[in-house]
Amino acid sequence: MRMSVDGPLQDDAALPGPLAPAIPPPAPRGAGFEELRAGNLGLRLAETAAEIDAAQALRYRVFYEEMGAHPDAATRASRRDCDVFDAVADHLLVLDHDLGNGAEAVVGTYRLIRRQSADKLGGFYSAAEYDLSPLLAYDGQIMELGRSCVAGAYRTRGTLQLLWRGIAAFVFRHRIDLMFGCASLHGTHLDSLAPQLSYLHANHLAPPALRPRAVAERYIAMDRLPVQELDMRAALGALPPLVKGYLRLGGFVGDGAVLDPQFNTTDVCIVVKTDLITDKYFRHYERTAGPG
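In this report, the structure presented in the accompanying data block is examined. Values in this document were obtained by computation on a predicted structure and should not be read as measured data.

1. Focus on the overall build of the protein chain
Logical step 1: Helix and strand counts for the protein chain stand at nine helices and 13 strands.
Logical step 2: Counting only residues that meet the buried cut, the protein chain has 55% of its 292 residues in that class.
Logical step 3: The long-range share in the protein chain, meaning contacts at least 24 apart out of those at least 6 apart in sequence, stands at 79%.

2. Comments concerning the pattern of salt bridges
Logical step 1: Tallied over the entire structure, the rule returns 14 salt bridges.
Logical step 2: Here D83 ties to R147 by a salt bridge, and the two come within 3.3 Å at their closest N and O atoms. With a gap of 64 residues between them, D83 in the loop between α2 (73-78) and β5 (90-96) and R147 in strand β8 (residues 142-150) connect regions that are remote in the sequence.
Logical step 3: Judged by its relative accessible area of 7%, D83 falls in the buried class.
Logical step 4: Looking at R147, the relative accessible area reads 0%, which means it is buried.
Logical step 5: Within the structure, one salt-bridge network assembled from shared partners comprises R59, D81, D83, D86, R111 and R147.

3. Details of the environment of L197
Logical step 1: Note on placement: L197 falls in helix α6 (residues 190-204).
Logical step 2: As for L197 and D223, which are separated by 26 residues in sequence, their C-alpha atoms are 6.7 Å apart.
Logical step 3: If near-sequence neighbours (up to four positions away) are discounted, L197 is found in contact with L185, L190, M222, R224, A257, T266 and V268.

4. Focus: the nonpolar core
Logical step 1: Counting 83 residues, the largest nonpolar core has Y110, L200 and V268 as its most contacted members.
Logical step 2: With nine residues, the top contributor of residues to this core is helix α5 (residues 157-173).
Logical step 3: Among all residues touching V268, those that are not within four sequence positions of it are Y130, G181, C182, A183, L197, L200, M222 and A257.

5. Some details on unusual backbone geometry
Logical step 1: Of note, R79 is a non-glycine position whose phi angle comes to about 55 degrees, a positive value.
Logical step 2: Here R79 is to be found in the loop between α2 and β5.
Logical step 3: What makes R79 partly exposed here is its relative accessible area of 43%.
Logical step 4: Of note, R147 is a non-glycine position whose phi angle comes to about 50 degrees, a positive value.

6. Overview of the pairing of β5
Logical step 1: With seven of seven residues buried, β5 lies mostly within the body of the structure.
Logical step 2: Burial of β5 is two-sided: the residues D90, L92, V94 and D96 facing one way and the residues H91, L93 and L95 facing the other way are all buried.
Logical step 3: In this sheet, β5 lies alongside strand β4 (residues 41-45) in antiparallel orientation, the contact comprising five bridges. Within β5, the position partnered with L41 by the bridge is D96.
Logical step 4: When β5 meets strand β6 (residues 106-114), the two strands line up antiparallel, connected through six bridges. Within β6, the position partnered with L95 by the bridge is V106.

7. Details of the environment of E144
Logical step 1: Here E144 shows up in strand β8.
Logical step 2: What makes E144 buried here is its relative accessible area of 3%.
Logical step 3: Each C-alpha atom of the pair E144 and F124 lies 7.3 Å from the other, and the pair is 20 residues apart in sequence.
Logical step 4: Not counting residues within four places of it along the chain, the set of residues in contact with E144 comprises R111, L112, I113, F124, Y125, S126, F180 and G181.
Logical step 5: A distance of 2.5 Å separates the side chain of E144 from the side chain of S126, its partner in a polar contact.

Thresholds, definitions, all that
- Residues numbered from 1 in each chain as written.
- Predicted model: local features only at pLDDT ≥ 70, side-chain atom pairs only at ≥ 80, totals over all residues.
- Heavy atoms only, no water.
- Helix = DSSP H or I, 4+ residues; strand = E, 2+ residues; numbered from the N terminus.
- Buried < 20%, exposed > 50% of the residue type's maximum accessible area, 1.4 Å probe, protein only.
- Contact = heavy atoms within 4.5 Å.
- Salt bridge = Lys/Arg side-chain N within 4 Å of Asp/Glu carboxyl O.
- Core = buried A, V, L, I, M, F, W, Y, C linked by side-chain atoms within 4.5 Å.
- Pairing = 2+ DSSP bridges.
- Polar contact = N/O pair within 3.5 Å; in protein donor to acceptor, adjacent residues only side chain to side chain.

Next comes the structure, spelled out in structure tokens:
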């Protein structure tokens, strides 16, 4: 998951190997919340298969056409970024109501997968990169975030804030206690990313009880520079805005990074306990949310 207000919003890469494109069914009844508005933009969950298809088409344009990821034959033919997890996920959508009120208006998306949804497929998407055992053992509702992207003309602070409001609404609608997902740093050149990775390891490593670890065969050490050599301010400033947003919400990172050459990214696992969140939107939804 990577967002920049002046660049692409990209998250974890696709699962390895070809996956037959499929349009999943609409989100389950009762999963949603009242649409949030900010001017001409609205934010709600996808309600139809056509809206989910539009989100997958947007993901293809951003990840493959803009960011230069390498599609397999099926993905190239369908011009859709999709995998088996789309069928069990809730899809958060940003809509430009100047363009319409349905699939034609989708300009941003974020994929949310709750524990009970992941169980239908035997696990979470992130398990391909991280041992999630500490998170799976957590006594509470957990949710994976991923597949985030926004069309170029809409990469603004206002859109980012609207997405945070939507995540907040979903968290309180479903009483989510823990959020996590694979966040991406652009590029795979570890020397260039050493300051950011070392900063995250030195300042935001998750406590042992909540610390996912990169799977052994893909593990890349994050503590690449001595702490005394780090320019903390510069390293923090170089992180993608979405990652910085998670850190402001009290987020942690797991142990180890993972290279993804297909998407030209270096992934870290982000973990956020929602009881650490003090953002005004979360406080607002805690006051106003009804029973889940």
